[in-house]
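Structural description and commentary
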Amino acid sequence: MTDAAFEIAFKNVFGRAPEGAWSAPGRVNLIGEHTDYNDGHVMPFALPHATRAAVARRDDGVLRLHSANMEGEEGGVVELRIADLAPGTTGGWARYPAAVLWTLREAGYPIGGADIHYDSTVPVGGGLSSSAALQVVTALALTELHGVQGVSRQELALLCQSSENTYVGAPVGVMDQTASACCTEGHALHLDVRGLAQRQVPFDLAAEGLRLLVCDTRVKHAHADGAYGELRAGCEAAAAALGLTALRDVDFDGLDAALAALPDDRLRRLTRHVVTENHRVEEVLELLDAGRTREIGPVLTAGHASLRDDFQVSCPELDLVADTALAAGALGARMTGGGFGGSVIVLVEEADETAVAAAVAEALPQVRQFATVPGPGAHRLW
Ligand code: GLA
């Protein structure tokens, strides 16, 4: 939909003109999975798929939300009084923007009411951070529109993460929101979560004759939400058993000694994944810096094996897609995001793209696939 059509859509819903429009992308994570809440390393990049928000302020303490993507039960305008917002009280998709507004106000920012109309091209439920895109576009629009100065993109991402932790009740790390807020076109973002140092790493696949496919399995296994919290708690228990602040503090070279010091197999598996995965981020970083992009393939594949066998967050559909892609000639394949469904990323030679995509589609007919490149992070449209 063009900018003009998007503006008209806002007018059709709210009967007046928007003051501006913003966009924030979904992401894929290239490498560094379940490392963010262990103070570790991640390397996501922004998808060209994004959520847009057209916004106009209100001065009556009311937040009205509408999404072009929601139909049926969740369709129509959701109207909330800001004074009534409280953690755990808002249901459905509207809890994400409500959480952001509540969190910004709790942090002391003078954010008032608004009418917001959204649309999105980020596949929902694909493990591609559609909720982070929704949070970040809301936070950016509300802060800019209300003239809030001096909030960095990283702080904005932290506020969005906090909104999900506190208001929505999901104990997520900060990767997805940081990716949506801070990524830049043509780059993957290396984020060291301890200290939050960022580096934009050039990631130009086309120049190297490569393609990255995103294969959304369109499955999400029911226990995904509870399992995430249990895994996070397990990692924290392992760090505590080792007398460390976080599993980040286990050196790759000291892994065997750390494993020997842990009391049970589950904690050993979780620790082995986190420590080897942090190492894989460093390996990918070095390879990209050296212009040896093809060689990241086996590192991605090793990441999948670790998520499947040690962290145990894969599922049959993700494994099927990754294995099929590799058997059809892909350079590397791994699940991306939290797991238990969602998407696989596949690195292929340009010449092999069609054959690999066809093999995946044959193995899992429901799959939704697209080739992608790193798109821009969140920004104002007009
Ligand atoms: C989800 C969370 C992130 C991160 C990933 C796993 O996407 O939102 O913070 O933990 O899972 O890497």
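All of these numbers come straight from a predicted model, not from anything done at the bench. (Residues numbered from 1 in each chain as written. Predicted model: local features only at pLDDT ≥ 70, side-chain atom pairs only at ≥ 80, totals over all residues. Heavy atoms only, no water.)

1. Some details on the packing of aromatic side chains
Inspection of the entire model under this criterion finds five aromatic pairs. When the ring of Tyr37 is compared with that of Tyr228, the centres are 5.3 Å apart and the planes differ by 65°; the resulting orientation is edge-to-face. Remark: Tyr228 occurs in helix H6 (residues 224-241) and Tyr37 occurs in the loop between strand E1 (20-31) and strand E2 (41-58); sequence separation between them is 191 residues. Overall, Tyr228 belongs to the buried group, its relative accessible area being 16%. (Phe/Tyr/Trp six-rings, centres within 6.5 Å; stacked < 30°, edge-to-face > 60°. Helix = DSSP H or I, 4+ residues; strand = E, 2+ residues; numbered from the N terminus. Buried < 20%, exposed > 50% of the residue type's maximum accessible area, 1.4 Å probe, protein only.)

2. Details of the pattern of salt bridges
Per the stated rule, a full pass over the model turns up 24 salt bridges. Between Arg194 and Asp249 there is a salt bridge; the shortest N-O distance is 2.5 Å. Taken together, the residues Arg194 in the loop between strand E6 (187-192) and strand E7 (197-202) and Asp249 in the loop between H6 and helix H7 (255-261) connect sequence positions 55 residues apart. For Arg194, a relative accessible area of 29% translates into the label partly exposed. Take Asp249: its relative accessible area is 28%, and that puts it in the partly exposed class. One network of salt bridges, in which partners are shared, links Arg16, Arg58, Asp60, Arg64 and Asp115. (Salt bridge = Lys/Arg side-chain N within 4 Å of Asp/Glu carboxyl O.)

3. What to know about the environment of Arg248
With respect to the helices and strands, Arg248 occurs in the loop between H6 and H7. Those residues in contact with Arg248, other than ones at most four positions away along the chain, are Asn38, Asp39, Gly40, His41, Asp192, Arg194 and Asn278. (Contact = heavy atoms within 4.5 Å.)

4. So, unusual backbone geometry
Peptide bonds are mostly trans, and most non-glycine residues show a negative phi. Even without being glycine, Arg218 reaches a positive phi, approximately 60°. The topology assignment puts Arg218 in strand E8 (residues 210-220). For Arg218, a relative accessible area of 49% puts it in the partly exposed group.

5. Topic: the pairing of strand E10 (residues 341-349)
Of all nine residues that make up E10, eight are buried, and the element is covered over most of its length. For E8 and E10, the ladder comprises eight bridges, and the chain directions are antiparallel. Bridge pairing in E10 links Leu210 to Glu349. Hairpin connection, strand E9 (residues 332-336) to E10: the antiparallel pair is bridged by four residues, and Gly337 has positive phi, about 95°. (Pairing = 2+ DSSP bridges.)

6. Structural notes on the site of the ligand
The immediate surroundings of the ligand are formed by Arg27, Glu33, His34, Asp36, Tyr37, Val172, Gly173, Met175, Asp176, Tyr228 and Gly338. Interatomic distance of 2.5 Å between a side-chain N/O atom of Asp36 and an oxygen atom of the ligand. Contact between the ligand and Gly173: an oxygen atom at 3.0 Å from a main-chain N or O atom of the residue. Considered on its own, the ligand offers 310 Å² of accessible surface; in the complex 93% of this is hidden by protein. For the shell around the ligand, the residue count by class is four nonpolar, three polar and four charged. (Near = heavy atom within 4 Å. Polar contact = N/O pair within 3.5 Å; in protein donor to acceptor, adjacent residues only side chain to side chain. Areas by Shrake-Rupley, 256 points an atom, 1.4 Å probe, with all protein chains shown as cover. Nonpolar A, V, L, I, M, F, W, Y, C, P; charged D, E, K, R; others polar.)

7. Some remarks on the UniProt feature "domain: GHMP kinase C-terminal" (unreviewed entry) in the protein
Mapped onto the present numbering, the UniProt feature "domain: GHMP kinase C-terminal" (unreviewed entry) falls at residues 285-365. Spanning residues 285-365, this segment combines 54% helix with 17% strand, and its end C-alpha atoms are found 34 Å apart. (UniProt positions renumbered as here; feature names shortened; annotations may be inferred.)

8. Here we look at the packing of helix H8 (residues 265-289) against helix H9 (residues 296-311)
Between H8 and H9, the least distance of the axes is 10 Å, while the angle of their chain directions is 170°. Classified by the angle their axes make, H8 and H9 are roughly antiparallel. Contacts between H8 and H9 involve Arg269, Leu270, Arg272, His273, Val274, Thr276, Glu277, Arg280, Glu283, Val284, Leu287 and Leu288 on the former and, on the latter, Ile296, Val299, Ala302, Gly303, Ser306, Leu307, Asp309, Asp310 and Phe311. (Axes fitted to C-alpha atoms, helices over the stretch in contact; angles between N-to-C directions. Parallel < 35°, antiparallel > 145°, perpendicular 65-115°, else oblique.)

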